[in-house]
Amino acid sequence: MPTPYDEMWEKLNLDLEAHEGLLTVLGKFYGDIYLSQEGRLQGTEYLDFVLSEVHGLRIKELQDAKAAGRKVIGAFCVFVPEELVLAADAVCVGLCAGAEVGSEAAEQVLPRNTCALIKSFVGFKLARLCPFIESCDLVVGETTCDGKKKAYEIFADYAPVYVMEIPQMKNACDRDLWKAEMLRFKAKIEEVTGQAITAVKLKEAIKLVNARRRMLRRLNRLRAAVPVPISGRDVLLVNQISFYDDPVRFTKKIDELCDELEAKVISGQGVAPLDAPRLMLSGCPMAVPNWKVPYIIESSGAVVVGEESCIGARNTRDLVDEGAETLDAMLDALVDRYMKIDCACFTPNAERLDHIVAMARDLQVAGVIHYGLSFCQPYAIESFKVGKALEAAKIPMLAIETDYSMEDVGQLKTRVEAFLEMVR
Ligand code: SF4
Ligand code: SF4
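Counting of residues starts from 1 at the beginning of each chain's written sequence and follows it residue by residue. Written order decides the labels, with chains lettered from A and ligands numbered from 1. Given that this is a predicted model, residues contribute local features only at a pLDDT of at least 70 and side-chain atom pairs are listed and counted only at 80 or more, while totals for whole chains, interfaces and linings are drawn from all residues. Derived side-chain values reflect all non-hydrogen atoms in the structure, with water molecules and hydrogen atoms excluded from consideration.

Section: the overall build of the protein
Put simply, the rule is: Per the convention used, a helix needs a DSSP run of H or I reaching at least four residues, while a strand needs a run of E reaching at least two, with both numbered from the N terminus. In this description the radius of gyration comes from C-alpha coordinates, and the expected globular size is given by 2.2 Å times residues to the power 0.38. Exposure is judged per residue with a 1.4 Å probe applied to protein chains only, and the accessible area is read against the type maximum: over 50% gives exposed, under 20% gives buried, and values in between give partly exposed. Note on contacts: a residue pair qualifies if any of its non-hydrogen atoms lie within 4.5 Å across the two residues. For the area figures, the Shrake-Rupley method with a 1.4 Å probe applies, and any residue is considered shielded solely by the protein chains shown. Charge counting follows a simple rule: Lys and Arg are positive, Asp and Glu are negative, and His as well as the terminal groups are ignored. Working definition for charges: the position is that of NZ of Lys, CZ of Arg, CG of Asp or CD of Glu.
If you tally the helices and strands in the protein, you get 18 helices and 8 strands. Taking 424 residues into account, the globule formula puts the C-alpha radius of gyration at 22 Å, and the protein, at 21 Å, falls close to it. Viewed in the frame of its principal axes, the protein has a C-alpha envelope of about 60 × 55 × 45 Å. Expressed as a percentage of the 424 residues in the protein, the buried residues total 57%. Put simply, 76% of the contacts in the protein that link residues at least 6 apart link residues at least 24 apart. With the model as given, the accessible surface of the protein reaches about 17,600 Å², and the carbon-plus-sulfur share is 54%. Treating the 50 positive side-chain charges of the protein as one cloud and the 63 negative ones as another, the clouds have centres 3 Å apart.

Here's the deal with the site of ligand 1
What counts, and what does not: One heavy atom within 4 Å of a molecule or strand is enough for the residue carrying it to be called near that molecule or strand. The nonpolar class holds Ala, Val, Leu, Ile, Met, Phe, Trp, Tyr, Cys and Pro. Asp, Glu, Lys and Arg form the charged class, and all remaining residues, Gly among them, are polar.
Close contacts around ligand 1 come from Cys-77, Val-78, Phe-79, Thr-144, Lys-148, Pro-285, Cys-310, Cys-343 and Tyr-379, and that covers them all. A per-class count over the shell around ligand 1 returns 7 nonpolar, 1 polar and 1 charged.

A word on the site of ligand 2
Ligand 2 sits among Cys-115, Ile-118, Cys-145, Lys-148, Cys-284, Leu-373 and Cys-376. Of the residues contributing to the shell around ligand 2, the split by class is 6 nonpolar, no polar and 1 charged.

As for helix H12 (residues 232–241)
Judged by how many residues are buried, H12 sits mostly within the fold: 10 of 10 residues are covered. Inspection of H12 places Gly-232, Arg-233, Asp-234, Val-235, Leu-236, Leu-237, Val-238, Asn-239, Gln-240 and Ile-241 among the buried residues, and these make up the whole buried set. Residues of H12 that are buried sit in contact with helix H2 (16–35), helix H3 (44–52), helix H11 (199–223), helix H13 (247–266), helix H14 (292–298) and strand S6 (303–308).

Some words on the sheet that holds strand S1 (residues 72–75)
Selection criterion: The criterion for strand pairing is that DSSP finds at least two bridges linking the strands in question. Fitting a line to C-alpha atoms yields each axis, with helices limited to the stretch in contact; the angle taken between N-to-C directions then spans 0 to 180 degrees.
With respect to topology, 4 strands assemble into an open sheet ordered S2-S1-S3-S4, the strand pairing being parallel. Two strands close off the open sheet at either side, each with one partner strand: strand S2 (91–94) and strand S4 (161–164). Neighbour-to-neighbour, the strand axes of this sheet turn through a mean angle of 30°, independent of strand direction. Here S1 pairs with S2 via 4 bridges, running parallel. Directly across from Ile-73, in S2, lies its bridge partner Cys-92. Helix H4 (residues 57–67) contacts S1 and S2 of the sheet and is inclined by roughly 150° relative to S2. The strands that helix H10 (residues 172–193) touches are S1, strand S3 (138–142) and S4; relative to S4, the one it contacts most, it runs at about 160°.

Concerning the packing of aromatic side chains
Let me state the cut-off plainly: Two aromatic rings, drawn from Phe, Tyr or Trp (for Trp, its six-membered ring), form a pair once their centres lie within 6.5 Å of each other, and the interplanar angle then sorts them: stacked below 30 degrees, edge-to-face above 60, tilted otherwise.
For the coordinates displayed, the defined rule picks out 14 aromatic pairs. Here Tyr-34 and Trp-291 contribute two aromatic rings whose centre-to-centre distance is 5.0 Å and whose plane-to-plane angle is 80°, an arrangement assigned as edge-to-face. With a gap of 257 residues between them, Tyr-34 in helix H2 and Trp-291 in the loop between strand S5 (278–283) and H14 connect regions that are remote in the sequence. Look at Trp-291 and you get buried, because its relative accessible area is 0%.

So, the sheet that holds S6
Ordered by their spatial adjacency, 4 strands build an open sheet running S6-S5-S7-S8, and the pairing between neighbours is parallel. Unpaired on one side and paired on the other, S6 and strand S8 (397–402) mark the two borders of the sheet. Looking at each pair of strands side by side, their axes are set apart by 25° on average, direction ignored. Where S5 and S6 come together, 5 bridges link them in parallel fashion.

Digging into the pattern of salt bridges
Spelled out, the test is: Here a salt bridge means any side-chain nitrogen of Lys or Arg lying within 4 Å of a carboxyl oxygen belonging to Asp or Glu.
Scanning all chains against the criterion turns up 42 salt bridges. Notably, a salt bridge pairs Asp-64 with Lys-60, separated by 3.0 Å at the nearest N-O pair. Note that Asp-64 and Lys-60 are positioned in helix H4 at a spacing of 4 residues, about one turn of the helix. Under the relative-accessibility criterion, Asp-64 is labelled partly exposed at 41%. Residue Lys-60 is classed as partly exposed on the basis of its relative accessible area of 37%. Between Lys-149 and Asp-146 there is a salt bridge, with the nearest N and O atoms lying 3.0 Å from each other. Of this pair, Lys-149 and Asp-146 both sit in helix H9 (residues 146–155), separated by 3 residues, roughly a single helical turn. The class of Lys-149 is partly exposed, set by a relative accessible area of 32%. One connected set of salt bridges, linked through shared partners, spans Glu-308, Arg-314, Arg-317, Asp-342, Arg-352 and Glu-382.

Structural notes on the side chain of Ser-242
Relative to the helices and strands, Ser-242 resides in the loop between H12 and H13. In this structure Ser-242 touches Arg-212, Leu-216 and Phe-250, once residues within four positions along its chain are discounted.

Have a look at this one:
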C-alpha cells in the first residue's frame, strides 16, 4: 500500500518492499502485545502514536532538521554522551535494533553465533530496512563487548562510523582514558557539525538530558506502587521511545503520563490483580521491538515492576552534576557520570550486583528474571554472580537466554510459569 512517506524512504535508499513487510509485522506484533491490554492509561496514546510514526513522522523530522543544517548522530550504547551531541545542535538517535528481520543478511558477514542485537543492527543496514541508520551523518560505536567492537569494523564499510574506546575497569588510569575519549569525541562532533561546543550550550544539554532521566525516574517510582498501576510492557516501551523521540517532547509527554499515573496510584487502581507476582528484569538491553520476554511474563499472570538494564534503570540511575560552570568542569562531570555505568563489560563489576539486590528489595519483587541474549558472554557469565548475590538476599532468580526468534516462546513460557509457581 502506498504511503505519504514512500518518496522519503526511497530517497533514503530503503528496500521498499522489505520495509513494508517489516512495518506490517511490527504493526501486528504491536497490536497483539500492546493494544490488546485492558485499562491502559490515556497517556499511552502518545506511545501508540510514536510507534505508528517511528519510521514516518519522526524520520521526516530528522530530514527537516538535516535540511536546516543540523546533523543526525546515531548511537548503540548508553555510554555515548548524548549531551555533547545536543550541545553541538545535532540530533541523537538510538540505533539498537530488536528485530530478527535482516539476520539473514547479517549472517553473510558475521558468524551465526553472534548476539541478536549485533546481528540486528548490521542486518538492518545490509537489508536497507532502517531509516534511522540511513539518516545518520555519523554512527558512533564503542569498544564495550568484543562482538560489537569487531562488528563496527565491518559496519564501517557501509556507514560513517566513529568508535569510542570505553574503559574495561574503573581505576584512576581508566578515568583518564575516558576523559581523553570524551575530549576526542567532542572534537569529532565539532568537526562533523561545524559547531563549537561552548559551556553555555553544554550546560543546557546537560539539563535537558537530566530532565529526561528525572522524568523516567518519576515514572519508575510511580510504577512501583501496590497495586501496580501500569504494565511493565508499557514502561519498557517508554524507555525504548526515549532513545528515538525529541527529548523535550518526550519529557513533556511522560510528565503528563505520570500525572495520570499518580492519580491512578492515589485511587488505588492497578493493572494486575493484587496477588500477581511482582518481578524484575535484569540483564541485556531490550531494543525496540523486542517485547518477547515481558509479554511472556505478563501473559503468564505476573507483572514486571523494574528493568535493571540499559533500556531501563541503568540509563536513568545517575544524573550529571549540574553545578559545574566551566567547560572543563562540565566535561569532568560527564566523565564521572558515565563512569558509573555498571555494564557487564566491566571487570570487576561488583556495583552491578549491589544495584540489583538493592533494586529488587526496593521494588519488593517476588523474583528476578535474568535476561541474556544468546552468545552475549558478558551478561551470561555475570549471571552466575548475580544469581549468588540474589540467593544470599533470599530472592529467587530465573536465568533466561534467548534471541529475537519466536521459536522458543512455548518453552520460555513453561519455564516462566514454573518459576511463578515457585515464587507464589
Ligand atoms: S549493555 Fe553495555 S554495551 Fe550494551 S548498551 Fe548497555 S552499556 Fe552499552
Ligand atoms: S547484548 Fe551482549 S553481546 Fe550483545 S551487544 Fe550487548 S554486550 Fe554485546
